[in-house]
Amino acid sequence: MAGIVSTLTRKVWQTMSATKTGVVLLIVVVVVSAAGTVILQRPATDAAEMQRAYSPQMLRLLDSLGLTDVFHAWWFVLLLVLVSLSIVAASIQRFPNSWRYFSRPYKSPNQSFRKSLAAQSTIPVADEERALAVAERMLHKSGLSPERIVGENSFSLFAERNLISEMAVYIVHASLLLIFLGGIIDALYGWRGFVALSPGQQTSQIELRNGVSMALPFAIRCDGAGQENYADGTPRRWWSKLAVTTNGREILRKEIVVNDPLVYDGVRFYQASFGLTGKLDSLTLTATPRNGKTEARDVVLTLNQPSSLDPDTSVRLVEFIPDYVVSDGQIYARSTQLENPAAHLVLESRKLKKAVDIWLPPIPGFGQNEASPYTFTGRDVKMATFTGLQVSHEPGQWAVWAGVLLMGLGLVAVFYIVHVRIWVVPILDARGALVLWIGGAANRNKDAFEQRFRRMVDEIKSEIPVESKPCAAAHVPSQVEI
């Protein structure tokens, strides 16, 4: 039994530490994240819009699979955990060799290493010490810091630059782990909700995706909201003037637009929508006396707030229907859009000693418009507006942004920082003549390194006097493979 467990554990470890496993899992994460940007997500999207976008069957399927809240779904958290484990396993599997290579660089190349190195050259010399001094000076000139390697029967030079490049892949690994850690924290402990506010309205209650209402430790107030349009009437931007209050005291104020949220105490308020509530803000009418003794005047009405027309008469707006229809002897609201409005007024007069029902426009069978001492004409209608705010608390964002910054540094190191190594060793060639063997290696950008290596060898040759006795010819392979 123990042997089976050991074998199974080894296979799981080998699978998780395999590069192809990590690549496949990363691709799945990318695909799922892309789906989360294409499929409408709750609660950022209004429920009515979700129902318009998808059929009831499709919406139930998406909800059941967690695709309408991808980044908080349990399987997305599990996927991030698996990717993180794969990265950790791969790093642990390969780190010992990388660390040995990093901490103990190979400074004294033996004969087999020299033969296998692609970029190499030999220069005939007569004085070993003088030749090494010239090579050391040229290495300094090339921006390297050569080290003298003294052995029992040998003396050579070794120089390298940008050794950190060999560890850059682990910087990228660490950045991915930080990003995934932030995603996991947000999925487990973060939340998203939605709140709609009208100008002047204040609340500390947020409706979460599952319909549960959550209380904030502070209140958010809307001091104003609006929409700016292009010349053709299409919306250009929405804006909201928000204020944060605590115990009746204003703490913070900001005008937000899309992608410029208000942030307070780790909670972000994003501009998500703007529109009409379907409720009346104010109705402006022109009241004209039927007796003609006084001039017509404009009166601004709000629901259930009486307005005086003269010392004996007042009028009150008791009902406003933005889009009315008459059916079966009743007046109904067909929609909340301002399409076919109707207003129900009640005029009270001491002279008449009764209240008069007035409908604008006159609706047959309803109201007593002819009994009113005033006629009314509509001037302006202002509908109440709301601003839709997406509210989110993402405690893992510090890890995500730290990971993004670290990844930028790691990718710069991976693609632009080249680890270069140069060896200079005096040896005897096949004919017993003293030559200066020069070899070099780079972990990337090898074509550019080959050109620099050739130039450096030529500079060293130019500083060393040519010997009259025959020596091995210098050789740099035409195709350098590091």
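Residues numbered from 1 in each chain as written. Predicted model: local features only at pLDDT ≥ 70, side-chain atom pairs only at ≥ 80, totals over all residues. Heavy atoms only, no water.

1. With respect to the sheet that holds strand 20 (residues 434–442)
The sheet built from five strands is open, its strands ordered 1-20-19-3-2 with antiparallel pairing. For this open sheet the edge positions go to strand 1 (119–124) and strand 2 (147–150), each flanked by a neighbour on one side alone. If you compare each strand with its neighbour and ignore which way they point, the axes differ by 20 degrees on average. Direction of pairing for strand 3 (residues 155–161) relative to strand 19 (residues 420–428): antiparallel, over a ladder of five bridges. In the strand pairing of strand 19, Ala159 is matched with Ile422. Packing of helix 7 (residues 128–141) onto the sheet brings it into contact with strand 2, strand 3, strand 19 and strand 20, and relative to strand 3 it is tilted by some 10 degrees. (Pairing = 2+ DSSP bridges. Helix = DSSP H or I, 4+ residues; strand = E, 2+ residues; numbered from the N terminus. Axes fitted to C-alpha atoms, helices over the stretch in contact; angles between N-to-C directions. Contact = heavy atoms within 4.5 Å.)

2. Some words on the environment of Ser392
Its location among the elements puts Ser392 in strand 18 (residues 374–393). Taking the C-alpha atoms as reference points, Ser392 and Arg192, 200 residues apart in sequence, are found 4.3 Å from one another. Each residue touching Ser392, except ones within four places of it in the same chain, is listed here: Trp191, Arg192, Gly266, Val267, Arg268 and Tyr270.

3. Remarks on a nonpolar patch on the surface
Side chains of Trp74, Leu78, Val81, Leu82 and Leu85 sit close together on the surface and give an oily, nonpolar patch of about 480 Å² of accessible area. With respect to the helices and strands, the residue Val81 is situated in helix 5 (residues 74–103). (Patch = residues over 30% accessible without salt bridge, like charges linked within 9 Å, V, L, I, M, F, W, Y side chains within 5 Å. Areas by Shrake-Rupley, 256 points an atom, 1.4 Å probe, with all protein chains shown as cover. Salt bridge = Lys/Arg side-chain N within 4 Å of Asp/Glu carboxyl O.)

4. Digging into the layout of surface pockets
The volume enclosed by the largest pocket comes to roughly 500 Å³. For the largest pocket, the lining is made up of 22 residues, of which Ser33, Phe71, Phe76, Gly183 and Val400 are closest to its centre. Secondary structure elements with two or more residues in the lining of the largest pocket: helix 2 (19–38), helix 5, helix 8 (168–189), strand 4 (191–197) and helix 9 (397–416). Considering every element that reaches the lining of the largest pocket, the biggest residue donor is helix 8, with six residues. Tallied by class, residues from the lining of the largest pocket come to twelve nonpolar, seven polar and three charged. (1 Å grid on protein atoms, 1.4 Å probe; cavity = no way out; pocket = protein on both sides within 12 Å on 5 of 7 lines; lining within 4 Å. Points joined across faces, edges and corners; volume = space filled by probe spheres on them. Nonpolar A, V, L, I, M, F, W, Y, C, P; charged D, E, K, R; others polar.)

In short, geometric facts, not functional conclusions.
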